[in-house]
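Coordinate analysis (summary)
Each chain, letter by letter, is given below.
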Amino acid sequence: MTNHGETTGSSENGDITGRARPDQEVQTSYDCRGGAEHQVTLRTPAELADALPYLLGYRPEDSIVLVALHDRDGRGRFGGRARLGIPAHADDWPAAATQLVHGLVTGSERRGARPEQMVAYLCQEPQPGETGRQVMARLRPLAQRLRIECGSLDVPVIEALCISDGRFWSYCCDDAACCPAEGVPMGLPGTSVLAAAATYAGIQVRGSLRELRARLLPWENSAAVEQEVALDAAGMTLVRRILDEASRADVAEETLDLAKRLMDRLAEAAPVSGSLMADLRDDQMLGHDEAARLILGLQDRTTRDRAAEWMEGDEASSALRLWRALARRCVGPYSEHAAAPLTLAGWVAWSTGDELEAREALAMALGADPDYLFARLLHQACNEGLDPESIRRCLRAERGGRDRGPTDTPGSDDCQDADEPVDKQEAEPTPTAGDHPGRRRRTRSSASADGVRRRARTRGREPGTGVVGPTSSVRPRTPAGGVRPGDASTSRARPRVAEKGAGGRAGVREDTCAEEHRAGGEG
C-alpha cells in the first residue's frame, strides 16, 4: 500500500451526538456537542461536510476518513475517528478500505462500544487539468468499497461525502435539490453555527496535517549543510565516549544540562505570532554545535528517558519546542536520528493533551526508525485512547528516586515488575571490541495478545547461544561519511539474565514505563 498513515481517535473523545428524526427530509440528524451545555444539530450533508475539521482538529488532505456512530439512549453519538491516506493506485483501494474499516470497528469493540453506523469522507484536491466533479467520479469506486466493507461487518454507511475544490458531493443522496451534480459549495471556514459553537467550547482547527508535519521535517536549505558538518564533528568525539562505560554517564549529564539550558533560553524568548515565525525564532536560538551534541546524546536511551521527564508544567512547553527544533536538524544521512526527538515531541504533546500532534510526531518517529520501541508503544497507546497518566506517574517516580538517592523509589514497582515473564523482554547485545562501530545490531519485535514479546536477533550469533551480560545503552549507526551513535537500548532499568529451557536460551530483562503502560492497556 502506498501513501498511508493512520490516526484513530478514541470514542471517549467524540464530541458529536445524534438521534434519528423520521419527520426530517434527511433520515438522520446529529447533535454536535461542543461543550457540556451547548449543542448544534446537524441535519444535512452540508452540515456534515462542515463538521469534519472540528471532528479531527485539522483539515484533512488526500484522506479517507471514517467516523463511527454509536447509539446511546436513542441518540446517535460520533465516536472513534480513523484516517488513512488515499493510495495513489486504485489497485490498493480495496486493501486500504479493509484496513481502515476493520481497524476502526475492532478498535471500537476493544473499548466496548461497537459502532452502529458510519459516516465516510473522501478528501482530495484536483490534479492539474482535473475538476472537483471528476475527482468525485474517480473516487466513487473507493466510496463503494468502503460501503461494502462496512456492510460486511453489519455497520452501514449512512452518508459518504467527497470534498474537493471547495465543494462537496454525496455518494448516498441522489436528490438534485439537495445534492446537485455540480456539487455544493462549502461554507467559508468559521462562518457556520457549528464553527461558532466550537470556538466557544475551545475546539481549535489547526490547518492541515501537511502544515503540522512541516514543523517536524528536517531542513532542506543551506543551513542543513552546516548542521550536517556539525553532526559529523560531534560524532567524532561523542560516539566513542557514549560507547565507553567509563564516560557514558558524563555524556548523559552533559546532554541533559545542555538541554535544560536551551529550554531556559527558549522560555525567555519574546513571543511571536504564528507557528512558522515561532519555529524560525527557535531555530535561530540554537547553535549548530549545540543541536548536534543534543541529537547524538539523545541516542542513548537512558538519557532520552530522563529527558522524557520534562512532560508537564512550565517545562513541557519549552521542551516540546526544543524537541521540534532538534527534529528539524536531523538532516541528510542523520534522518534516522530524528526518532529520538520526534518520540520526545510526541510524548510531551500527548502528555499535555495534544493528541493530534502526538500521533503525527510518533508516526514520523516510526518512519525514521520502524524498530524504535518507545515510539511504537506510545503510538499504539495514544491511538487506543489510553490515559498517559500511568507513564507520567512512572517517570515522576524515577525522577523522585534520583532526587532522594540510590534507595528504592516508592511506587517504582509500577515501572519495574520483577515478575514479568522473560518472553516480554527486549535484548540488545553489548558491542564488543571486535565489532565495527558503525555496524547496527537490531532487535526485532512482535506483538502478542498477552503483551509485547521480544527476541534478540544478532548478526554472527548462533541460535540458542542467547544473550548474556549487561545490555548496551547504544546501538551505533554509521551513515556515510562518519561514525555516529544510533538508537540506544533502554539501560535505565535493571538488566537481568534468565535461563530458559534445556537449550540454555537466555534473555535479558529490561523494564520500561512504556512496556508497563502497554501491558496495562491490553489487560
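This part is about the pairing of strand β7 (residues 117–123). Regular strands place their side chains on alternate faces of the sheet. Summarising burial for β7: six of the seven residues are buried, a large majority. Note that β7 and strand β8 (residues 157–164) share six bridges and pair parallel. Residue pairing across strands places A120 opposite A160, the latter belonging to β8.

With that settled, consider the packing of aromatic side chains. Taken as a whole and judged by the stated rule, the model has two aromatic pairs. An angle of 20° between the planes, with centres 6.3 Å apart, marks the rings of W310 and W323 as stacked. Of this pair, W310 sits in the loop between α10 (301–307) and α11 (313–328) while W323 sits in helix α11, and the two are 13 residues apart along the sequence. Ring centres of W347 and W350 lie 6.0 Å apart, and the angle between their planes is 75°; this geometry places the pair in the edge-to-face category.

Turning our eyes to something else, we now look at the confidence of the model for the chain. Looking at the chain, pLDDT values average 75 and 68% of them are 70 or higher. Note on residues 1–37: pLDDT under 50 across the span, and 135 contacts to partners over four residues away in sequence or across chains. Across residues 478–523, where pLDDT falls below 50, the model places 156 contacts with residues more than four positions away in sequence or in other chains.

Pairing of β8 with strand β9 (residues 167–170) involves four bridges; the strand directions are antiparallel. If you follow I163 over to β9, its bridge partner there is F168. Counting the residues between successive antiparallel strands, the hairpin from β8 to β9 contains two residues, one of them, D165, with a positive phi of roughly 55°. Of the strand pairs in this sheet, β9 and strand β10 (residues 184–185) are connected by two bridges, and their pairing is antiparallel. Among the inter-strand pairings, R167 is bridged to a residue of β10, identified as P185.

Let us now look at the packing of helix α12 (residues 339–351) against helix α14 (residues 373–383). Two elements in contact, α12 and α14, have axes whose closest approach is 10 Å; the angle formed by their N-to-C orientations is 30°. The angle between α12 and α14 falls in the class roughly parallel. Judged by the sense of rotation from one axis to the other, the crossing of α12 with α14 is left-handed. Along the contact surface, α12 presents T343, W347 and W350, while α14 presents F374, A375, L378, A381 and C382. For the contact of α12 with α14, the class distribution of residues is seven nonpolar, one polar and no charged.

What counts, and at which threshold
- Residues numbered from 1 in each chain as written.
- Predicted model: local features only at pLDDT ≥ 70, side-chain atom pairs only at ≥ 80, totals over all residues.
- Heavy atoms only, no water.
- Buried < 20%, exposed > 50% of the residue type's maximum accessible area, 1.4 Å probe, protein only.
- Helix = DSSP H or I, 4+ residues; strand = E, 2+ residues; numbered from the N terminus.
- Pairing = 2+ DSSP bridges.
- Phe/Tyr/Trp six-rings, centres within 6.5 Å; stacked < 30°, edge-to-face > 60°.
- pLDDT = per-residue confidence, 0-100.
- Contact = heavy atoms within 4.5 Å.
- Axes fitted to C-alpha atoms, helices over the stretch in contact; angles between N-to-C directions.
- Parallel < 35°, antiparallel > 145°, perpendicular 65-115°, else oblique.
- Left-handed = near helix turned anticlockwise from the far one by under 90°.
- Nonpolar A, V, L, I, M, F, W, Y, C, P; charged D, E, K, R; others polar.

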